[in-house]
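# Descriptive analysis of the structure
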Amino acid sequence: LLDTIMTIAKQVAKADASSLLLMDKENGDLTFQVALSNVGEQIKSLHRLKLGEGIAGSVAQTGKALIIKDAYKHPKFNPQFDKQTGFKTGSILCSPLVFKGEILGVCQVIHHRDKKKVFTGPDLALFKLFCDSAALAIQNARMHTLLMEKQRMEKDMEFAKSVQESFFPATFPKHDQFLFAAKSTPALVVGGDFYDFIPFEENLLGVVLGDISGKGVSAALHMARVMSDFRYITQINPEPKEALKKINDNMCARAHRGAFTTAIYKT
């Protein structure tokens, strides 16, 4: 999308070169995304600008578009890029990319293709209209990316839910003197509540009911590990005191971030 925007920007402004920088929300810097010219790759390798640095940084800071007929006569122009790349900057149109008051980045074009001409007021007016459309396109692309990520996360969570449900007993024990029933409904898609029925020899049955601290995926993963521990350790020694001590020792050995479990286990 950004390559397309800058290719069209060159055509709209009849320019020799164009570049687009986006705002890095984490540190407020501008990062080069696209640079279309014979030294474009060298310019992109320069990576980033501080807010207020150079012409692009100044436009991002003020939110006001600029028309510059001779870059070397402008106090904000930094000739260091030209020295590093061998490029000769002349006339510039530079405009912020703004969406609902938020500056997404900066778009600029350099040199009129007709070497005898410089950019004028009508060129800037047209370029600003183009940049408004470009900002909308960039924001739409970002929203689309977020939507796709959300859908992927929802799909992953549905899969996690089905996996967690597979840990619960598929059927309930049959007994002449007891009736067993259970249901778990997590606050989120998955959670940390668990229960299990563990059959032993001589008509002995173990029942465990527990809750992992926290909610969501972290609690669900911890729940899966604890249920596996219960099923394995109780087969070695079904006696509640010994089984719970061993399970507790295992949990303490791998506990982190204050995670804990409350559980009742009886045979």
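Below is a short write-up of the structure.

What counts as what
Residues numbered from 1 in each chain as written. Predicted model: local features only at pLDDT ≥ 70, side-chain atom pairs only at ≥ 80, totals over all residues. Heavy atoms only, no water. Helix = DSSP H or I, 4+ residues; strand = E, 2+ residues; numbered from the N terminus. Rg over C-alpha atoms; globule rule 2.2 N^0.38 Å. Buried < 20%, exposed > 50% of the residue type's maximum accessible area, 1.4 Å probe, protein only. Contact = heavy atoms within 4.5 Å. Areas by Shrake-Rupley, 256 points an atom, 1.4 Å probe, with all protein chains shown as cover. Core = buried A, V, L, I, M, F, W, Y, C linked by side-chain atoms within 4.5 Å. Expected span 1.5 Å × (residues − 1). Arc of directions from axis to C-beta. Pairing = 2+ DSSP bridges. Axes fitted to C-alpha atoms, helices over the stretch in contact; angles between N-to-C directions. Phe/Tyr/Trp six-rings, centres within 6.5 Å; stacked < 30°, edge-to-face > 60°. Disulfide = S-S within 2.5 Å.

### Observations concerning the overall build of the protein chain
If you tally the helices and strands in the protein chain, you get seven helices and nine strands. Compactness check: the protein chain gives a C-alpha radius of gyration of 32 Å against a globular reference of 18 Å for 267 residues, more than 25% above the reference. Expressed as lengths along the three principal axes of its C-alpha atoms, the size of the protein chain is roughly 100 × 30 × 30 Å. Classification of the 267 residues of the protein chain by burial places 39% in the buried group. For the protein chain, long-range pairs separated by at least 24 residues make up 59% of all intrachain contacts whose partners lie at least 6 apart in sequence. When the accessible surface of the protein chain is totalled, it reaches about 16200 Å², and 56% of it is carbon and sulfur.

### Things to note about the nonpolar core
Counting 23 residues, the largest nonpolar core has Ile5, Leu20, Leu97, Val109, Phe127 and Ile138 as its most contacted members. Per-element tally for this core: the top contributor is helix α5 (residues 121-167), with seven residues. Among residues more than four places away in sequence, those in contact with isoleucine 138 are Leu1, Leu2, Ile5, Leu20, Leu22, Leu97 and Leu104. Membership of the second largest hydrophobic core comes to 19 residues, among which are Ile198, Ile212, Ala219 and Ile233.

### Some words on helix α7 (residues 240-254)
An ideal rise of 1.5 Å per residue puts 21 Å on 15 residues; α7 measures up with 21 Å between its terminal C-alpha atoms. Every buried residue of α7 is listed here: Pro240, Ala243, Ile247 and Met251. Looking down the long axis of α7, one finds its buried residues gathered within 75 degrees of arc, a one-sided arrangement. Away from its buried face, by an angle of more than 90 degrees, α7 presents the exposed residues Lys241, Lys245, Cys252 and Ala253. Buried residues along α7 sit against α6 (216-236) and β9 (261-266).

### Considering the sheet that holds strand β7 (residues 193-199)
Taken in spatial order, the three strands line up as β7-β8-β9 in an open sheet, and their pairing is antiparallel. Taken across any chain shown, the strands that pair with only one partner, and hence form the sheet edges, are β7 and β9. In this sheet, neighbouring strand axes are inclined to one another by 10 degrees on average, regardless of whether the strands run parallel or antiparallel. Inspection of the sheet shows β7 paired to strand β8 (residues 205-212) by seven bridges, in the antiparallel sense.

### Things to note about the packing of aromatic side chains
One pass over the structure, following the stated rule, counts nine aromatic pairs. Centroid distance phenylalanine 172 to phenylalanine 197: 5.9 Å. Interplanar angle 90 degrees. Geometry classified as edge-to-face. Of the two residues, phenylalanine 172 is situated in the loop between α5 and β7 and phenylalanine 197 in strand β7; the sequence distance between them amounts to 25 residues. Note on phenylalanine 172: relative accessible area 32%, which makes it partly exposed. Through successive ring pairs, a cluster of aromatic residues spans Phe168, Phe172, Phe178, Phe180, Tyr195 and Phe197.

### Describing the side chain of serine 95
Relative to the helices and strands, serine 95 resides in strand β5 (residues 92-99). We classify serine 95 as buried; its relative accessible area is 3%. Setting aside its immediate chain neighbours within four residues, serine 95 contacts Val59, Ala65, Val106, Cys107, Phe127, Lys128 and Cys131.

### Looking at the pairing of β7
Taking burial as the measure, the seven residues of β7 include five buried ones, the bulk of the element. Between the antiparallel neighbours β7 and β8 lie five residues, among them glutamate 202 with a positive phi of about 60 degrees.

### What to know about the state of the cysteines
All chains considered together, the criterion is met by zero disulfides. Of all cysteine sulfurs, the one in cysteine 107 lies closest to cysteine 94, which takes part in no disulfide; the gap is 8.0 Å. For cysteine 107, which is in no disulfide, the shortest distance to another cysteine sulfur is to cysteine 131 and amounts to 4.2 Å.

### Some words on the side chain of aspartate 229
In this structure, aspartate 229 sits in helix α6. The class of aspartate 229 is buried, set by a relative accessible area of 10%. Beyond its immediate sequence surroundings of up to four residues, aspartate 229 is in contact with Thr234, Ile247, Asn250 and Arg254.

None of the figures reported here should be taken as evidence of function without further support.
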